[in-house]
Each structure stands twice: as structure tokens, then as C-alpha cells.
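Geometric and topological summary
What follows is the residue order along each chain.
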Amino acid sequence: MASGSEEGGTGIQIDEYESLISTTDVELLKRAWRHEKAAPEILQYEGTLVQRIREQIQLMVETVEEFAESGIDPLTVSLYEMDLDRTQFLLRSYLRIRLHKIEKYMIHILKTDLWNRLSEQEQKFAKRCTDDLGKHLEQSVLSRLPDGYKSLLKQSTASEEDDMVSEPQLDTFVICKSKRDLGTFQLDDSGGVPVELLAGNLNILRYKSIKPLVESGQIDLV
Amino acid sequence: MAGQSDPHFSLFSAEEVEFMAEDEMIEIVPNMRMDPLNLLCGDFGPFLPQIATQVPLWLAVALKRRGKCTIRPPEWLSVEKLTEALEAERESPRVFQPLPFHYVEISRLLFDHARDDIPDIYMVRSLVEDIRNVRFHKIEINLEEIQGRAHAVKIKNLSAMEVNIVRPFVVRALQAFYKHDSPEMIDQSDTTANRRPQVADHVPRRVVRR
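None of these values were measured; they are calculated from a predicted model.

With that settled, the discussion passes to the overall build of chain A. A count of helical and extended segments in chain A gives 6 helices and 5 strands. When the helices and strands of chain A are placed in sequence order, the string is α-α-α-α-α-β-β-β-β-α-β. Residues classed as buried in chain A amount to 42% of the 222 residues present. Considering only contacts within chain A whose residues lie at least 6 apart along the sequence, 61% involve residues at least 24 apart. In the structure as shown, chain A presents an accessible area of about 12,200 Å², 53% of it carried by carbon and sulfur atoms.

The following block contains the structure:
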């Protein structure tokens, strides 16, 4: 229901309102998962959503156990289990993608305010990872390089910036769809034609240009 | 060049696209009685014999496989509608017909698990195949025409599977265009005489091991 194409333009306001109040947590998690997959940088951790889902999963696991014991027919039990599996998959995949991004960009995350987008456990993980990686590189390689090249962060002491730190490529193109007409948009400051974002059209744009729209939920990454 | 970022985690596998398609609602007619299901993804039922009800596709397939229901194919999955759509696709080389976003996955799942619920299945199946081919061919042609200076591409009515197949190519192509178009690049090549220190580009280096 949430991802189907909607025919007819009448009553779009009502449809949106209805879909807003009836959006399940699983739908929200699916959206967060899709966005995390499509976006080149790590996004804000959906702490409250994950917490709620965890609780619901926990409840469901207990319910299924009760069912199995109280002899409810196996068909029903297996259907509940399937639903549980699907939700758990979404949650795990969501967390895994984030971990992958953290591992890849850990030094950058530590240096910038992307740090605030991590959950507490992710922050602990990132810290430990960076420490371990730093120590390892130190011991195995960096300490044996000539002076002036020993830094983890800079190629050499002549570098002005930390150019050994990899950053997410915000220029990556992403495919997105908006639910409503968003008017014309200036993509970037190097001129170029402003782009019109219409409801239902698929657009392929640079992530950087639409970052604020994604964050405010007006655009969906596909 | 070592500057390509690793895109692998941003690509959806075909299974993942199907996973998302499985949440689409579809109508079934149960042949047994079952209590309502209060699942994490929503509440469904109650299930009464011969009374049609709407459930997510994965649930419909699960029930069908255990012989507990028949599936009502969606309206668009009929010889009539598909023939119309195919003709319309063939007539307009630039416009894609509005088909359901997950038409590929839905039809695949129904062909695999609900053969007997689809009238004229052979005809329907070959129509869907033809539509897929015509559309894909259109995509290829349209893509060939993306030139430099294309900072955004707009396509209407592409389906999920088509988007997914085309994504890796389009993203890299547009990226390459963007990079070669960027004034910074053009600027750099003019100053070889001045020996500027290398500009930090912060691009993740390609992993060389393995």
C-alpha cells in the first residue's frame, strides 16, 4: 500500500494523512533501511524506531513461543514466524549497513559531527575500531616510515589537510522519487538548469543537492 | 583510477527488490477458517471460507503453497490490460506506460506459485515478457542519449526491477560526466607549470588486497 503507485489526483491530501497515521513501524524501518542503503554517508540513527521495533520483536518472539506450546495450529505459528523473520532481516540489514559505513569512514566520522548520528553502541564500536586500526598501522607500517610520513591522517607533513582520511562521496548520484510536486530546484551553484521535481517522477541526481529534502522526508530514495 | 568508491553496499540485490515487492497487497479467497493475524507488519483477517480479503503478497504465497487459498490476480495482470499496455509501449518510444512499480516481481511470484489462478497463463506470461523486453530496449535507447552536462536525469514510470538493473551503470556514468565537467578538474590541468601540492580529494582508496 505504501509503495504502490496512486492513480488519480483527487484526494491526495486525504491519502497522505491516512497513510501517515496508518504507517506501521515496519514500514518506517523499511524506509530507513532503503535510505541507509542508498545514501553515501551515514544517516541519523533512528534510535526510537529501533527501540520500538526491538520491543515488538521481543513481544512477538514470546508470543510465538506461547503459541507453539499451547498447540495453536502450526500454520498460524509459521506465518507469525515468517513475519518475524522478515522484520528481523530488515533490522539486521539496517544495522549492518551502518556498521559497514562506520568501518569504512571511521576516522572521518570521529572528526566531524557525523559522530552525533551514531547510536551509543555504534560510537563505542567506532572508537575501538579506530584505536585498533591506528595501533595496527602504527606498529606494522607507520613507525618504520621515514620521519615526515608517519602520520595516520596526513600523507606527509607537507599536506595541509588530513588527506589520508577517506570521506563519503556526497557527489554520488542517487535515484529518488518525491510524493508531491516540489517545484523547481537549483541543483548547485555552478549554474545549470534548475530541475523540476514532480510527484511520482523518478529523478537521478547528486545526493548533495537533495540532502536537505531527504532529511526532511520530502523525497524518498529508491 | 583508484578513486572509485565501493558501491557494493548501496546496491539492492534482486532478492531484496523482491523482498520489498512482497509487501504489496493482493486479494485472496481462503478456503478455510482462520483467526485474524496480528503481525508486526499489520493486522489481517479474519479468514473465512469464500470471503475475499487483502493480504501482503508474501502471506498470500505462503497460504497458497499450503493449499489454503486461491489468489485473485490483480486487474492489470490480464490478457486484455497487458495487450493494451504492450501496444502503448510499442507506440511511444519515449514514454513508459504506468505499470505497477513492482510488476515484474509480482508477476514472477504469481507465475511461480499461483499458475492455476491466472486465466490464459501462457498468453499472460508471454505478454509480460514482451513488455519487459520493449521497456528495457527503450531504457537502453534513452540512456544512450544522456550527454555531458546532464546533472539530473528524469524518468517517469520505471519499475523497481528496471531501476535496480540500470542503477549501477547510470550512477557511474553520471558520476563520470559530472567529474569531467567540473571546473576544478579543468582548472588543475592548466597549472602543471606551477607545481601545486596535490589537492586532497578524500576519496576512499581502492582496497588492493585479495
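Read on, since the account is not over.
Grouped together as the largest cluster of nonpolar side chains are 86 residues, with contacts concentrated most on Phe-47, Leu-59, Leu-63 and Leu-110 of chain B. Among the elements that make up this core, the one with the highest residue count is helix H4 (residues 74–111) of chain A (9 residues). Once you skip the residues sitting within four places of it in the chain, Leu-59 of chain B turns out to touch Leu-79 of chain A together with Leu-37, Leu-39 and Phe-44 of chain B. Membership of the second largest hydrophobic core comes to 14 residues, among which are Leu-205, Leu-213, Val-214 and Ile-219 of chain A.

Along its 14 residues, helix H2 (residues 25–38) of chain A runs 20 Å from first to last C-alpha, staying within 8% of the 20 Å computed at 1.5 Å per residue. Of the positions making up H2 of chain A, those classed as buried are Asp-25, Val-26, Leu-29, Lys-30, Ala-32, Trp-33, Arg-34, His-35, Glu-36, Lys-37 and Ala-38 of chain A. Buried-residue contacts for H2 of chain A involve helix H3 (47–70), H4, strand S1 (173–178), helix H6 (207–215) and strand S5 (219–221) of chain A together with helix H1 (14–21) of chain B.

Before going further, it helps to spend a moment on the interface of chain A and chain B. Reports of interface size often rely on the accessible area that becomes lost once the parts have come together. With 55 residues of chain A in contact, the opposing surface of chain B contributes 51 residues. Our count for the contact surface shared by chain A and chain B stands at 10 residue pairs in polar contact (both at pLDDT 80 or more). Per element, the largest residue contribution to the side of chain A that touches chain B is 16 residues, and it comes from H4 of chain A. When its residues are assigned to classes, the side of chain A that touches chain B shows 23 nonpolar, 16 polar and 16 charged. With 4 bridges connecting them, strand S4 (residues 201–206) of chain A and strand S6 (residues 153–156) of chain B associate as antiparallel partners. The residue of S6 of chain B that forms the bridge with Ile-204 of chain A is Val-153 of chain B.

Moving on, we get to the UniProt feature "domain: GINS subunit" (unreviewed entry) in chain A. Here, UniProt's "domain: GINS subunit" (unreviewed entry) annotation points to residues 75–139 of chain A. For residues 75–139 of chain A, helix accounts for 88% and strand for 0%, while the C-alpha atoms at its two ends are 58 Å apart.

All names here are of chain A. Within chain A, residue pLDDT values average 81, and 86% of them lie at 70 or more. Element-level mean pLDDT values for chain A span from 51 in helix H1 (residues 12–21) up to 92 in H3. Predicted confidence for residues 1–12 stays below pLDDT 50, and this span has 9 contacts to residues more than four positions away or in other chains.

Another point: a nonpolar patch on the surface. Taken together, the side chains of Val-141, Leu-145 and Tyr-149 of chain A present a nonpolar region at the surface, about 250 Å² in accessible area. With respect to the secondary-structure elements, Tyr-149 of chain A resides in the loop between helix H5 (120–140) and S1.

All names here are of chain B. Backbone geometry at Gln-50 places phi at a positive 70 degrees, although glycine is not the residue there. As for its position among the elements, Gln-50 is in the loop between strand S3 (42–44) and strand S4 (53–56). Judged by relative accessible area, which is 60%, Gln-50 ranks as exposed. With a phi angle near 70 degrees, Asn-157 is a residue other than glycine that sits in the positive phi range. By secondary structure assignment, the location of Asn-157 is in the loop between S6 and helix H6 (160–181). When its relative accessible area of 23% is taken as the criterion, Asn-157 is described as partly exposed.

What follows concerns the sheet that holds strand S5 (residues 69–72) of chain B. All names here are of chain B. In space, the 3 strands of this open sheet follow the order S4-S1-S5, with antiparallel pairing throughout. Bordering the open sheet on either side are S4 and S5, each of which pairs with just one other strand. Adjacent strand axes in the sheet meet at a mean angle of 45 degrees when their direction is disregarded.

Residue and element names in this part refer to chain A. For His-35, the location among the structural elements is in helix H2. Overall, the relative accessible area of 5% leaves His-35 in the buried class. Residue contacts for His-35: discarding those within four places in its chain leaves Leu-43, Val-214, Ile-219, Asp-220 and Leu-221. Reaching out from His-35, the side chain makes a polar contact with the backbone nitrogen of Leu-221 at a distance of 3.1 Å.

Turning next to the sheet that holds S6 of chain B. Whenever strands of a sheet pair, they do so through backbone hydrogen bonds, lying parallel or antiparallel. Spatial ordering of the open sheet is given by S5(A)-S1(A)-S4(A)-S6(B), a layout of 4 strands whose pairing is antiparallel. The sheet is open, and its two edges are formed by S5 of chain A together with S6 of chain B, each paired on a single side. Ignoring strand direction, the axes of neighbouring strands in this sheet form an average angle of 35 degrees. Relative to S4 of chain A, S1 of chain A is paired through 5 bridges, and the arrangement is antiparallel. Pairing of Val-174 of chain A across the sheet is with Leu-205 of chain A, part of S4 of chain A. Strands S1, S4 and S5 of chain A of the sheet are contacted by H6 of chain A, whose axis makes an angle of about 120 degrees with S4 of chain A.

Per the UniProt record, "domain: DNA replication complex GINS protein PSF2 N-terminal" (unreviewed entry) is found at residues 14–71 of chain B. Here residues 14–71 of chain B is 29% helix and 33% strand, with 24 Å between the C-alpha atoms at its ends.

With that settled, consider the packing of aromatic side chains. Tallied over the entire structure, the rule returns 5 aromatic pairs over all chains. Ring geometry for Trp-33 of chain A versus Phe-12 of chain B: centroids 5.7 Å apart, planes at 80 degrees, classification edge-to-face. Placement of the pair is Trp-33 of chain A in helix H2 and Phe-12 of chain B in the segment before H1, with the two residues belonging to separate chains. Note on Trp-33 of chain A: relative accessible area 0%, which makes it buried. Since its relative accessible area comes to 5%, Phe-12 of chain B is described here as buried. Geometrically, the ring pair formed by Phe-89 of chain A and Phe-19 of chain B is edge-to-face, given 5.0 Å between the ring centres and 70 degrees between the ring planes. On the criterion of chain membership, the pair formed by Phe-89 of chain A in helix H4 and Phe-19 of chain B in helix H1 is interchain, its members lying in two chains. For Phe-89 of chain A, a relative accessible area of 32% corresponds to the partly exposed category.

About the criteria used
Residues numbered from 1 in each chain as written. Chains lettered and ligands numbered in written order. Predicted model: local features only at pLDDT ≥ 70, side-chain atom pairs only at ≥ 80, totals over all residues. Heavy atoms only, no water. Helix = DSSP H or I, 4+ residues; strand = E, 2+ residues; numbered from the N terminus. Buried < 20%, exposed > 50% of the residue type's maximum accessible area, 1.4 Å probe, protein only. Contact = heavy atoms within 4.5 Å. Areas by Shrake-Rupley, 256 points an atom, 1.4 Å probe, with all protein chains shown as cover. Core = buried A, V, L, I, M, F, W, Y, C linked by side-chain atoms within 4.5 Å. Expected span 1.5 Å × (residues − 1). Polar contact = N/O pair within 3.5 Å; in protein donor to acceptor, adjacent residues only side chain to side chain. Nonpolar A, V, L, I, M, F, W, Y, C, P; charged D, E, K, R; others polar. Pairing = 2+ DSSP bridges. UniProt positions renumbered as here; feature names shortened; annotations may be inferred. pLDDT = per-residue confidence, 0-100. Patch = residues over 30% accessible without salt bridge, like charges linked within 9 Å, V, L, I, M, F, W, Y side chains within 5 Å. Salt bridge = Lys/Arg side-chain N within 4 Å of Asp/Glu carboxyl O. Axes fitted to C-alpha atoms, helices over the stretch in contact; angles between N-to-C directions. Phe/Tyr/Trp six-rings, centres within 6.5 Å; stacked < 30°, edge-to-face > 60°.

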